[in-house]
Amino acid sequence: MADLKQFAETLVNLTVKEVNDLATILKDEYGIEPAAAAVVVAAGGGDAGAGAEEQTEFTVVLKEAGASKLAVVKAVKELTGLGLKEAKDLVDGAPSNIKEGVTKAEAEGLKKSLEEAGAVVELK
């Protein structure tokens, strides 16, 4: 059981970039897609017609850079894989979409990272 707790601890402490890399590995090497797994679980055990569908794709929107613009530019660069100039242009053009069509977990991770850098972020 201690090994599973250690594994869970490792998963919880992954950065957004590491989570994206893990999702890519799971998809490419094992054929596992996180969104597909959620659909299978929902299809197998939910009440039929139990209400509105839950949103599955989100857009992370940078509303403003805040006081720590340089830290936000660095965070955008790291999280998106953009070059420094492109990341700066994205931050300067706020409000702007940082990533579109991402899972709820990824969107919340991006939002948290950007807010820690000082940005004002919204999920749509």
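About the thresholds
Residues numbered from 1 in each chain as written. Predicted model: local features only at pLDDT ≥ 70, side-chain atom pairs only at ≥ 80, totals over all residues. Heavy atoms only, no water. Helix = DSSP H or I, 4+ residues; strand = E, 2+ residues; numbered from the N terminus. Buried < 20%, exposed > 50% of the residue type's maximum accessible area, 1.4 Å probe, protein only. Contact = heavy atoms within 4.5 Å. Areas by Shrake-Rupley, 256 points an atom, 1.4 Å probe, with all protein chains shown as cover. Pairing = 2+ DSSP bridges.

Helix and strand content of the protein: six helices and three strands. Along the protein, helices (α) and strands (β) appear in the sequence α-α-α-β-α-α-β-α-β when read from the amino end. Burial status across the protein gives 21% buried among its 124 residues. When contacts within the protein are restricted to residue pairs at least 6 apart in sequence, those whose partners lie at least 24 apart make up 68%. With the model as given, the accessible surface of the protein reaches about 8,600 Å², and the carbon-plus-sulfur share is 55%.

To continue, consider the pairing of strand 1 (residues 58-64). Burial runs high along strand 1: five of the seven residues are buried. For strand 1 and strand 2 (residues 96-102), the ladder comprises four bridges, and the chain directions are antiparallel. Residue pairing for strand 2: Val60 is matched across the bridge by Lys99. Pairing between strand 1 and strand 3 (residues 120-123): four bridges, direction antiparallel.

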